[in-house]
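Each chain is listed here by its residues.
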Amino acid sequence: MPTKPEATATAVASDSLFDVEELEVHYDLRGGSLARLFGRDTGVVRAVDGVSFQLRRGEVLGLVGESGSGKTTLGRALLGLVRPTSGAVRYHAGQGPVDIATSSNRELRGLRRELQMVFQDPNAALNPSMDIETAVGHPLKIHGIAKGAELRHRVADALERVGLAPAERYMSKYPSDLSGGQKQRAVLARAVILGPELLVADEPISMLDMSVRAKILELMLGLKADLGLTYVYITHDLASAKFFCDRVAIMYLGRIVEIGPTDEIFASPKHPYTKALLAAIPEPDPERMVPRDLPRGEIPDAAKPPMGCHFHPRCPEAVAQCGWESRDLRVLLEEHWTRRDPAAYEREGDLVGSLDKLDTPAKEATLGTGSSAAEVHQLLDRIRGEDPSEPLWSGVEEVVEGPDGVSVRFKAGVDPALRQSDGVEVACIHHPVSVTLEPARGDG
Amino acid sequence: MLSRLLGPIRSTTGTARWLLVAGVAITGVFVLMALLAPWITPTDFAQRSVDGVKLPKLASPSGEHWFGTNDQFYDIFSRVVWGARTALTVIVLSVLFSLVIGVVLGLVSGYVGGWTDRLLVFLTDALYAFPSLLLAIVFSFVLSNALGGGVVAAALSLTVVYIPQYFRVVRNTTVSAREATYVEAARAIGAKDTTIMSRYLFGNVVQSVPVIGTLNAADALATLAGLGFLGFGIQPNEAAEWGYDIERALDDAQAGVWWPAIFPGAAIALLVIGLTLIGEGLNETVNPALRRRRLQEVVMPARGLATSGVAAAGTADGTEGER
Amino acid sequence: MSVPTTASSGPVVRAEDVRVWYGTERGPVRAVDGVTFDLRPGEILGLVGESGCGKSTLGRGLLGLLPDGAKMDGALEFRGENLLTLSKRELAERRGVDLGMIFQEPLTRLNPLMRISEHFRETLRTHEPGLSKAEMDRRALDVLRRMGIPPTRYRSYPHEFSGGMRQRLMIALALVLRPAFVVADEPTTALDVLVEAQIIRILHDLRREFETSLLLITHNLGIVAEACDRVAVMYAGEIVEIGDARQVFSDPQHPYTRELLRSTISLSTTGLHYIPGAPPDLVEPPPACKFHPRCPDAMQVCATRWPAPVQLPAGSRAQCWAAEERNRLIRLTEDERRPLERRELSVADEA
Ligand SMILES: Nc1ncnc2c1ncn2[C@@H]1O[C@H](COP(=O)(O)OP(=O)(O)OP(=O)(O)O)[C@@H](O)[C@H]1O
Ligand SMILES: Nc1ncnc2c1ncn2[C@@H]1O[C@H](COP(=O)(O)OP(=O)(O)OP(=O)(O)O)[C@@H](O)[C@H]1O
Ligand code: SF4
Ligand SMILES: [Mg+2]
Ligand SMILES: [Mg+2]
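Bear in mind that the values here come from a model prediction, so they are computed numbers and not experimental data. (Residues numbered from 1 in each chain as written. Chains lettered and ligands numbered in written order. Predicted model: local features only at pLDDT ≥ 70, side-chain atom pairs only at ≥ 80, totals over all residues. Heavy atoms only, no water.)

**Regarding the overall build of chain A**
Thinking step 1. Regarding its fold elements, chain A presents 17 helices and 17 strands.
Thinking step 2. When the 444 residues of chain A are sorted by exposure, 55% land in the buried category.
Thinking step 3. The contacts in chain A between residues at least 6 apart in sequence include a share of 67% that link residues at least 24 apart.
Thinking step 4. Carbon and sulfur atoms form 50% of the exposed surface of chain A, whose accessible area is close to 17,800 Å². (Helix = DSSP H or I, 4+ residues; strand = E, 2+ residues; numbered from the N terminus. Buried < 20%, exposed > 50% of the residue type's maximum accessible area, 1.4 Å probe, protein only. Contact = heavy atoms within 4.5 Å. Areas by Shrake-Rupley, 256 points an atom, 1.4 Å probe, with all protein chains shown as cover.)

Next up, the structure:
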């Protein structure tokens, strides 16, 4: 059985293929039609929010993260399939460096010979009304590389290379005649037929049945060895990333929170998010039991990311400076009420009043009314007393009773940047341990 | 490609098949009439005399004039047959024109988006909101000044009426297909916008167009007859046209002379029915939501031993797990 | 993992030789073909297998939710009562109260125009008429609380919830009637790892809080190892191995279970492994042992005679000649034992 080729890790030439600097990709939020009609600002989704990294020639870089963390968008930006809002994507092509972010559409079309992509859903990646021969050969035709018998010959070669042999059997088929795994093979054939440098594989196995996954991964390893490819492997599955990648970048809400050699990251994950992801993987190993402290909640809305460190609301290791704010207080109160009986909720809910005003991110939150201020204050103290270790409380500067109710003021937070720590780069206040805290990106 | 398109038609069953067969049969008769008109008619469409002998006026149907003659001394059978030629030519031309223009505009509008899209959607919506006969009248009026009152002018004025339908359907499917992964995949291999539209989108967005085409054909025929009836369509000296003939026959019909009106009228009705049947048949075939799969009866062979215990379980085909 | 079974109570669900076939133009699809198992009170049984092996069909069949054109036979008892002889209406009445279902895509199952509170009230009103409104709300808030959904969200609409919360809502809706038996069909497939872990934790805690028995259908062997007491491995419509989850995973008896475990990519994977070929077409499944064309252990006997399920000394029940032979439960002749030379399987046979 094939094993992960150790050679690649060492044979990696240190020269870089891509240098990505401070890349940002924002999507305009589609507001209601009314909002658009009146030209109201409907906000943006920061799908990729300031990402810098280097991609080395010949390596497999994994982009790992939950849904909506911006993995696909980053992959598309590498290929120029989406226009970055700002930042640079420098590609070191054979004929000198090019910035994909500012290239014209025509230049990009030329570059597509060297940069290719494989998509998550093999059922959607092939034109349903185009047969396999035409589909796989189309790149050659578009770039005017081959036609006629030569084209056919090269298509047959590519199909057989990806295991669709004998090729004649598949050439006249349509995508609907093939199984998921076979379609993904055809997509791979189309991607490698131009002999590219880089292949961005966007969750190439996640839609496939588990018994086919290993086959496709094996095929990808074989193609890499044969054709000297560089891979960007996008996945939300840490297990396959661990097996497949030389380096991994863990993404959260449009940012890389940890990046480094695979072995290092899996052996000693540093960022709390990486730790959480690793702990959450259910393993078919009877010796490993149900984990412990899972982070609470879900990935927040990328249009309104948390202040400070984006991960702080879910972070089990968060501390005072992590960026606590009004929305965290709402979560805390709601969580408290899931532990109380309905009558108590009724009483306390009335006391505190509507929580909707906490939804606007702010460093100060007001609860209750002037007349109920003292009681609300008591309630907060009681909640704090129930679980004094809750990190939110460490981030509270002061709680004061005022004419409009109780106002909770939070301490200023820091938004940690990626910093070197023991061979990996981590964006967490706890790393590296020795560095004194300085606000890297203020959160206002 | 063609066999893929025809696939669902061959697999039709039940109602859909009958609709199709009946429609094709009826329409086929008219197509034959149109093609063979010069050979099966006793006279030309605007011929008042045969070998110097003037035809009778308003002669009732007889062995000589099967459908009789009308007030213009024309042989009605000849007029009906030649009328089929006119009707089908106009239908084919107008459907073809509006289909080509509507599909291309819809594709471009849906793919390019932005202001082009908004403008085209606005224009076609405006056209669509107009009563179709009124629109046809306006355009035939404008076009007959430029092109004369011939078949082409009539076809073009109908074309304008039907463009919005193709445009809407194609544009809307294109807008959703544009987001499909295979379109992004096409961009990823370096395809130009024109290539994407022609090779990746076209084949996937025109699937419902043939249905609209046949349904429109029936409607176009009715509109054409309406134009003729109101005197706007094809001029009588250009070609035989059923609507015009009915209009001429109205006064006589009130006087009890039924044949000059009934035969062109029946021709219109029959051809409309034929085309509509084809359209509905195609619709049921192409549109899987309308198609009902027939339930297949399942026969399970009885188990050898239905007693308790795991060991009694046999294989599905009845052979027991022996040991 | 210990199962909190009260010694006196029998199984909640007892399925014996259950078959579910679908009619198609090509002939019957034998989606479930002779399945036998028990489910004890408060127990979680994991159901795993490759795509198309009949997991969902079995799950739906147990609840009487099969589409028209499907036929089911065998014996299916719920607390000693035969479900197969019940009329459609009687079955519908049981559903919800006694039998619950959790689907994969929660949004399509929730009415977008109804508040969460209305969903709960309607469910309770249909199945337990006579409850006062306050009582209904109390019940609903109680389950929601256990699912970690705050009471502040009780009056929200489905679209105002995230994917994970919606799945928890679905679970809460299924549990508010306190059914004794719930089928969860891939409840976490659409969710992220962290949320998945939260839901698995909730499902795992269910039995303690509600005494509910659960049939958990999943692709993910890890989930089974983590959340289930027992596991049933399905292949081509049959349960080829069933037993204690830890025991089956640490010492798989059926070659299919073994190969399935080996081909799963996990954190400890160091080499790729896969089962050649694809699951068979269930209209014409292979004769005898349905796994024999893909089985690395296949012998002559495997292609000629069907292996009946047998209880193995290790504790699990499996249907495999090699397992029986290995455990010395049977003596095969020299001829029968001869390895089956396998046809080369190519990508063409791949799923
Ligand atoms: N075309 C688009 N228009 C608007 N927003 C978008 C678009 N594509 C992605 N987004 C948003 O950008 C964010 C990042 O999306 P992206 O698809 O890159 O995430 P991902 O990590 O690939 O997630 P997944 O695992 O679900 O594929 C999400 O919040 C998403 O909703
Ligand atoms: N309504 C139906 N009519 C005919 N065949 C069906 C029908 N539903 C399912 N099948 C077939 O029955 C078999 C079992 O399907 P089922 O959905 O139970 O599999 P599954 O194990 O749940 O698969 P998956 O993991 O992909 O959900 C498949 O071969 C499928 O094609
Ligand atoms: S800075 Fe580190 S500890 Fe604080 S929230 Fe972010 S990740 Fe957690
Ligand atoms: Mg993605
Ligand atoms: Mg299923």
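**As for the overall build of chain B**
Thinking step 1. The helix and strand inventory of chain B stands at 11 helices and 2 strands.
Thinking step 2. Reading chain B from its N end, one meets helices and strands in the order α-α-β-β-α-α-α-α-α-α-α-α-α.
Thinking step 3. For chain B, the proportion of its 323 residues judged to be buried stands at 46%.
Thinking step 4. Restricting to contacts in chain B with at least 6 residues of sequence separation, those with at least 24 account for 72%.
Thinking step 5. Element-wise, carbon and sulfur atoms account for 65% of the exposed surface of chain B, whose accessible area totals about 16,000 Å².

**Things to note about the domain arrangement of chain A**
Thinking step 1. According to the domain assignment, chain A contains domain 1 (9–28 + 44–114 + 196–275) and domain 2 (324–410).
Thinking step 2. Here the C-alpha centre of domain 2 of chain A lies 42 Å away from the C-alpha centre of domain 1 of chain A. (Domains from an automatic or database assignment.)

**Side note on the side chain of A:H377**
All names here are of chain A.
Thinking step 1. Within the secondary structure, H377 sits in helix α16 (residues 373–386).
Thinking step 2. Its relative accessible area of 17% is what places H377 among the buried residues.
Thinking step 3. Discounting residues that sit within four places of it in the chain, H377 has contacts with V399, E401 and V406.

**As for the pattern of salt bridges**
Thinking step 1. Summed over all chains, the structure comprises 46 salt bridges over all chains.
Thinking step 2. The partner of B:R171 in a salt bridge is B:D117, with the nearest N and O atoms 2.7 Å apart. With B:R171 in helix α6 (residues 151–177) and B:D117 in helix α4 (residues 114–129), this residue pair connects regions lying 54 residues apart in the sequence. An identical accessibility class is assigned to B:R171 and B:D117; each is buried.
Thinking step 3. Note that C:E50 and C:R294 form a salt bridge whose closest N and O atoms lie 3.1 Å from each other. (Salt bridge = Lys/Arg side-chain N within 4 Å of Asp/Glu carboxyl O.)

**Examining the site of ligand 2**
Residues and elements named next belong to chain C.
Thinking step 1. S51, G52, K55, S56 and T57 are the nearest of the 15 residues found near ligand 2.
Thinking step 2. Between ligand 2 and the protein, one listed contact pairs an oxygen atom with a backbone N or O atom of C53 at 3.2 Å.
Thinking step 3. A distance of 3.1 Å is found between an oxygen atom of ligand 2 and a backbone nitrogen or oxygen belonging to G54.
Thinking step 4. Calculation on ligand 2 without its partners gives an accessible area of 630 Å², and the protein chains cover 66% of this total. (Near = heavy atom within 4 Å. Polar contact = N/O pair within 3.5 Å; in protein donor to acceptor, adjacent residues only side chain to side chain.)

**Considerations on helix α7 (residues 148–161) of chain A**
Residues and elements named next belong to chain A.
Thinking step 1. For α7, with 14 residues, the first-to-last C-alpha span of 20 Å sits near the 20 Å given by 1.5 Å per residue.
Thinking step 2. Among the residues of α7, L151, V155, A156, A158 and L159 are the ones counted as buried. Taken down its axis, α7 places every buried residue within 165° of arc, on the same side. In α7, those exposed residues whose orientation departs by more than 90 degrees from the buried face are A149 and H153.
Thinking step 3. For α7, the secondary structure elements touched by its buried residues are α6 (132–142), α8 (168–171) and α9 (180–192). (Expected span 1.5 Å × (residues − 1). Arc of directions from axis to C-beta.)

**Remarks on the packing of aromatic side chains**
Thinking step 1. All chains considered together, the criterion is met by 11 aromatic pairs over all chains.
Thinking step 2. Residues B:F30 and B:W242 carry aromatic rings whose centres are separated by 5.9 Å and whose planes lie at 65° to one another, so their mutual orientation is edge-to-face. Separated by 212 residues along the polypeptide, B:F30 in helix α2 (residues 14–40) and B:W242 in helix α10 (residues 242–254) bring together distant segments of the chain. B:W242 matches B:F30 in its accessibility class, with the two residues each being buried.
Thinking step 3. A connected cluster of aromatic rings, assembled from ring pairs, spans A:Y231, A:Y233 and A:F244.
Thinking step 4. Directly above the ring of B:W115 sits B:R118, whose terminal nitrogen or CZ lies 5.0 Å from the centroid.
Thinking step 5. Directly above the ring of C:F161 sits C:R153, whose terminal nitrogen or CZ lies 5.5 Å from the centroid. (Phe/Tyr/Trp six-rings, centres within 6.5 Å; stacked < 30°, edge-to-face > 60°. Lys NZ or Arg CZ within 6 Å of the ring centre and 35° of its normal.)

**Here we look at the site of ligand 1**
All names here are of chain A.
Thinking step 1. Taken together, 13 residues are adjacent to ligand 1, and S67, G68, K71, T72 and T73 come closest.
Thinking step 2. With respect to ligand 1, the backbone of G68 contributes an N or O atom lying 2.8 Å from an oxygen atom.
Thinking step 3. One of the side-chain N or O atoms of T72 is found 2.5 Å from an oxygen atom in ligand 1.
Thinking step 4. The fraction of the free accessible surface of ligand 1 (630 Å²) that becomes covered by protein chains is 64%.
Thinking step 5. When contributions to the shell around ligand 1 are tallied by element, the ones reaching two or more residues are β2 (44–56) and α3 (71–78).
Thinking step 6. Looking at the shell around ligand 1, the element that brings in the most residues is α3, giving 3 residues.

**Notes on the packing of helix α3 (residues 76–112) of chain B against α10(B)**
Residue and element names in this part refer to chain B.
Thinking step 1. At a closest axis distance of 9 Å, the pairing of α3 and α10 adopts a crossing angle of 140°. Viewed along their axes, α3 and α10 adopt a mutual orientation that is oblique. Together, R79, V80, G83, A84 and A87 of α3 and W242, Y244 and D245 of α10 make up the contact between the two elements.
Thinking step 2. For the contact of α3 with α10, the residue count by class is 5 nonpolar, 1 polar and 2 charged. (Axes fitted to C-alpha atoms, helices over the stretch in contact; angles between N-to-C directions. Parallel < 35°, antiparallel > 145°, perpendicular 65-115°, else oblique. Nonpolar A, V, L, I, M, F, W, Y, C, P; charged D, E, K, R; others polar.)

**Concerning the packing of α6(A) against α9(A)**
All names here are of chain A.
Thinking step 1. Contact pair α6 / α9: the axes reach a minimum separation of 7 Å and the direction vectors enclose 30°. Comparing the axis directions of α6 and α9 gives the class roughly parallel. Between α6, through I132, A135, V136 and P139, and α9, the contact on the second element is made entirely by A186, A189 and R190.
Thinking step 2. Here the contact of α6 with α9 is composed, by residue class, of 6 nonpolar, no polar and 1 charged.

**Re the interface of chain C and chain A**
Frequently, the measure chosen for interface size is the accessible area that the parts lose on association.
Thinking step 1. Each partner contributes to the interface: chain C provides 56 residues, whereas chain A provides 66 residues.
Thinking step 2. Taken together, both faces of the contact between chain C and chain A bury some 5,000 Å²; the carbon and sulfur share is 62%.
Thinking step 3. If you sort the residues of chain C by the area they bury against chain A, C:L194, C:L267 and C:L272 come out on top, with a joint share of 17%.
Thinking step 4. Seen at the junction of chain C and chain A, the total is 1 salt bridge. (Buried area = accessible area lost by both parts, 1.4 Å probe.)

**Thoughts on the pairing of strand β9 (residues 247–252) of chain A**
Residue and element names in this part refer to chain A.
Thinking step 1. In terms of burial, β9 is a largely internal element, 6 of the 6 residues being buried.
Thinking step 2. Alternating positions in β9 separate into two faces, R247, A249 and M251 on one and V248, I250 and Y252 on the other, with burial throughout.
Thinking step 3. Pairing analysis gives 6 bridges linking β9 to strand β10 (residues 255–261), with the strands arranged antiparallel. What sits directly across from Y252, in β10, is R255.
Thinking step 4. Counted along the chain from β9 to the antiparallel partner β10, the turn is 2 residues long, and its residue L253 has a positive phi close to 45°. (Pairing = 2+ DSSP bridges.)

**Remarks on unusual backbone geometry**
Thinking step 1. Note the cis peptide between A:H431 and A:P432, where omega equals -10°.
Thinking step 2. Within the secondary structure, A:P432 sits in the loop between β16 (424–426) and β17 (441–442).
Thinking step 3. Although it is not a glycine, A:D422 adopts a positive phi angle of roughly 50°.
Thinking step 4. Turning to its location among the elements, A:D422 is positioned in the loop between β15 (419–421) and β16.
Thinking step 5. For A:D422, a relative accessible area of 59% translates into the label exposed.
Thinking step 6. Despite not being glycine, C:R178 has its phi angle at roughly 55°, a positive value.
Thinking step 7. Considering the arrangement of structural elements, one finds C:R178 in the loop between α5 (163–175) and β7 (181–185).

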